[in-house]
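Chain by chain, the residues:
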Amino acid sequence: MLSKKMALIKGGINSERNVSLVTGEAFEAALKELGHEYVVIDADKDFLHKLLDVRDQVDVALLALHGKLAEDGVVQGICEYIKLPYTGAGVLGSALGFDKYYFKQILKFHDLPSAKFELVHARQQNLDEVTTNFSYPLVVKPSREGSSVGVTICQSESDFFKGLKLASQYDSEILVEEYLEGQELTVPILIDRALTPIEIRPKVRFYDYENKYTAGNTEYIIPPELPEETIDELKTLAWKTHQACRARVYSRVDFRMHKGRPHVIEINTLPGCTPTSLVPKAAAHEGIQFPQFIQLLIDNAGLDYEGVR
Ligand SMILES: Nc1ncnc2c1ncn2[C@@H]1O[C@H](COP(=O)(O)OP(=O)(O)O)[C@@H](O)[C@H]1O
Ligand SMILES: [Mg+2]
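Please read all numbers here as calculations on a predicted model, not as lab measurements.

**Thoughts on the pattern of salt bridges**
Enumeration over the complete set of coordinates arrives at 18 salt bridges. Between E266 and K100 there is a salt bridge, and its shortest N-O distance comes to 3.6 Å. Here E266 is found in strand β13 (residues 261-268), whereas its partner K100 is found in helix α5 (residues 100-109), with 166 residues between them in sequence. Taken individually, E266 and K100 each receive the classification buried, so the pair is uniform in this respect. Several salt bridges converge on common partners, so that one network encompasses K104, K141 and E177.

Next comes the structure, spelled out in structure tokens:
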């Protein structure tokens, strides 16, 4: 079989660009180790020209991207248009997973537990006059962002108004959520199953941007110190969530325990993927090393509309 040539796409033009560059480096090292031919494309403002220039020389787009215009179906749509198979979820799955408000509707429809929420429209409401029915602490977040950018855990009304202003810098739709008070956990999905859950214990505050990307700030426990039934429940809920939002190939479903039960926080359809990130960590725990993990993503790359002429 002829070996495939990759377009490794990294960077992007959003708040997660720097994280994507690190994921991109890790992917490139894996491609070298696997002996693949590849070109690297930085998805900056000239992305479309660069992609079209190499279109006829590549077989698969390996997406090392995160966040807006990347994890939300936009890049996937571009790949569909030029019939270039890509790694991860398709257009709809990416869009549903990225929009936290619509994702909440999917969870509700499938009876999957998650925090109660209210929606604020920053364009239609005066942010100084917004009221909430939740008590403190509560959480305010932009509907479409990532890496905890724009997320505030509010202890008081003054935090609430500050949180709304901050979130409105990133999206006009803002979610106000009840605070889930328990342990934080994540469950990676790879191909057709949930991998071992990981407990996430930031040493201070919550799992914010700094605690996500500063080595030593957060402790990761795999497997988590939880009863077998809870681990099984987490895996079942993660798999149902992955399917409900039409994710594909891989994803990471984040949870917090609340009143003794796991509650879904969100799904990441292009999760962070440096060798120390959580999905590769869980894969390694099950004997799948990083290059092998990348090979699985490549082998399962696809298009939503294979048959369109
Ligand atoms: N309802 C909630 N209760 C408690 N903590 C939350 C809640 N929602 C979010 N968080 C905290 O904020 C972090 C980021 O929120 P999340 O919804 O995952 O946004 P992002 O897409 O930016 O990662 C979570 O990992 C968690 O630590
Ligand atoms: Mg998150």
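After presenting the structure, the write-up continues.
**Overview of the sheet that holds strand β3 (residues 60-64)**
With parallel pairing, three strands are arranged side by side in an open sheet as β2-β1-β3. Looking at which strands have only one partner, the edges of the open sheet turn out to be β2 (37-42) and β3. The sheet shows a mean angle of 25 degrees between the axes of neighbouring strands, direction not considered. Relative to β2, strand β1 (residues 5-10) runs parallel, the two being bridged by six bridges. Each residue of the ladder has a partner; that of A7, found in β2, is V39. Here helix α2 (residues 47-54) sits on the sheet and contacts β1 and β2; the angle it forms with β2, its principal contact strand, is near 160 degrees.

**Remarks on unusual backbone geometry**
A cis amide bond links Y136 with the next residue in sequence, P137, at an omega value of 0 degrees. The omega torsion of the bond from I222 to P223 falls at -10 degrees, within 30 degrees of zero and hence cis. With respect to the helices, strands and loops of the structure, P223 is situated in the loop between β11 (218-221) and α8 (228-244). In this structure, S147 is a non-glycine residue whose phi angle is positive, near 60 degrees.

**Focus: the domain arrangement of the protein**
Along its sequence, the protein is carved into domain 1 (5-88 + 292-299), domain 2 (96-113 + 180-289) and domain 3 (117-178). At the interface, 16 residues of domain 2 touch 16 residues of domain 3. Together, the buried faces of domain 2 and domain 3 total about 1,400 Å²; carbon and sulfur atoms form 60% of this surface. Across the contact surface, domain 2 and domain 3 share one salt bridge. Where E177 meets K104, a salt bridge forms, and the shortest distance between an N and an O atom there is 3.7 Å. At the junction of domain 2 with domain 3, the criterion picks out seven residue pairs in polar contact (both at pLDDT 80 or more). Secondary-structure elements contributing two or more residues to the side of domain 2 that touches domain 3 are α5 and α7 (209-213). With five residues, the single largest contributor to the side of domain 2 that touches domain 3 is α5. Among the residues forming the side of domain 2 that touches domain 3, the class breakdown is eight nonpolar, two polar and six charged.

Definitions and limits used
Residues numbered from 1 in each chain as written. Chains lettered and ligands numbered in written order. Predicted model: local features only at pLDDT ≥ 70, side-chain atom pairs only at ≥ 80, totals over all residues. Heavy atoms only, no water. Salt bridge = Lys/Arg side-chain N within 4 Å of Asp/Glu carboxyl O. Helix = DSSP H or I, 4+ residues; strand = E, 2+ residues; numbered from the N terminus. Buried < 20%, exposed > 50% of the residue type's maximum accessible area, 1.4 Å probe, protein only. Pairing = 2+ DSSP bridges. Axes fitted to C-alpha atoms, helices over the stretch in contact; angles between N-to-C directions. Contact = heavy atoms within 4.5 Å. Domains from an automatic or database assignment. Buried area = accessible area lost by both parts, 1.4 Å probe. Polar contact = N/O pair within 3.5 Å; in protein donor to acceptor, adjacent residues only side chain to side chain. Nonpolar A, V, L, I, M, F, W, Y, C, P; charged D, E, K, R; others polar.

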